[in-house]
Amino acid sequence: MIDNGFMGPPWQMDWTLKAQAARDALPENVRKMIDAARAELVTARDPYFRGIDADAGLPDGVKVEPVLSSDPHGARVFLFDSGHGWMIYTFIRRVEDPQIIVEEVFWQ
C-alpha cells in the first residue's frame, strides 16, 4: 500500500539464515504460532508498536517491546505463547521497500 508517497502495510519480511533455521527446527504447532506472529507484524500500521498501549490490539499472550529500553528505535522483541517464545526483529523504514528483518527466533 502507498500512503502519501510512503509504503505501508503489508510489509516485506526477511529472515536471517539462523532465524529461518531455528523456526524450521521447531514443532509444527510452534511454527503456526510464529506464522500468526508474522501476520501480525506484516500487517501492523507501525511494526515497532510505539506509544502507550500501542500493542493493545494484539492477541492474548502476545506483546512487543524494545530489546533495549535505552534504544527505543532499535530492535524489538515480539513475545508470543505468553512469553515462552520470541522473535527479535528490526524494521528498516525506507521510502522504497521498507521491510522487517527477523534476526532471532526462540521457543522453550
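Notes on the structure follow. Note that the structure is predicted; figures quoted are calculated from it, not measured.

### Remarks on the overall build of the chain
1) Next: If you tally the helices and strands in the chain, you get two helices and seven strands.
2) Next: Walking the chain from its N terminus toward its C terminus, one meets helices and strands in the order β-β-β-α-α-β-β-β-β.
3) Next: In terms of C-alpha radius of gyration, the chain reaches 13 Å, essentially the compact-globule figure of 13 Å for 108 residues.
4) Next: Projected onto the principal axes, the alpha-carbon positions of the chain cover approximately 40 × 30 × 25 Å.
5) Next: Within the chain, the proportion of its 108 residues that are buried is 36%.
6) Next: When contacts within the chain are restricted to residue pairs at least 6 apart in sequence, those whose partners lie at least 24 apart make up 48%.
7) Next: Carbon together with sulfur atoms contributes 54% to the accessible area of the chain, which is approximately 6,500 Å² in total.
8) Next: Computing the positive centroid from 11 side-chain charges and the negative centroid from 17, the chain places the two 2 Å apart.

### Focus: the environment of A36
1) Next: Here A36 is to be found in helix 2 (residues 28–43).
2) Next: Judged by its relative accessible area of 44%, A36 falls in the partly exposed class.
3) Next: Distance in space between the C-alpha atoms of A36 and F80 is 9.4 Å, their sequence separation being 44 residues.

### Considerations on the packing of aromatic side chains
The way to describe two aromatic rings as a pair is by their centre distance and the angle between their planes.
1) Next: In total, this model carries four aromatic pairs according to the counting rule given.
2) Next: Between W11 and F91 the ring centres are 4.8 Å apart and the planes differ by 70°, which places this aromatic pair in the edge-to-face class. Taken together, the residues W11 in the loop between strand 2 (6–7) and strand 3 (12–15) and F91 in strand 6 (residues 85–92) connect sequence positions 80 residues apart. F91 carries the same exposure label as W11, and that label is buried.
3) Next: Among the aromatic residues, ring-to-ring pairing joins W11, Y48, Y89 and F91 into one connected group.
4) Next: Its guanidinium or amino end placed over the ring of Y48, R76 lies 4.6 Å from that ring's centre, counting from NZ or CZ.

What counts and what doesn't
- Residues numbered from 1 in each chain as written.
- Predicted model: local features only at pLDDT ≥ 70, side-chain atom pairs only at ≥ 80, totals over all residues.
- Heavy atoms only, no water.
- Helix = DSSP H or I, 4+ residues; strand = E, 2+ residues; numbered from the N terminus.
- Rg over C-alpha atoms; globule rule 2.2 N^0.38 Å.
- Buried < 20%, exposed > 50% of the residue type's maximum accessible area, 1.4 Å probe, protein only.
- Contact = heavy atoms within 4.5 Å.
- Areas by Shrake-Rupley, 256 points an atom, 1.4 Å probe, with all protein chains shown as cover.
- Lys, Arg positive; Asp, Glu negative; His and termini not counted.
- Charge placed at Lys NZ, Arg CZ, Asp CG, Glu CD.
- Phe/Tyr/Trp six-rings, centres within 6.5 Å; stacked < 30°, edge-to-face > 60°.
- Lys NZ or Arg CZ within 6 Å of the ring centre and 35° of its normal.

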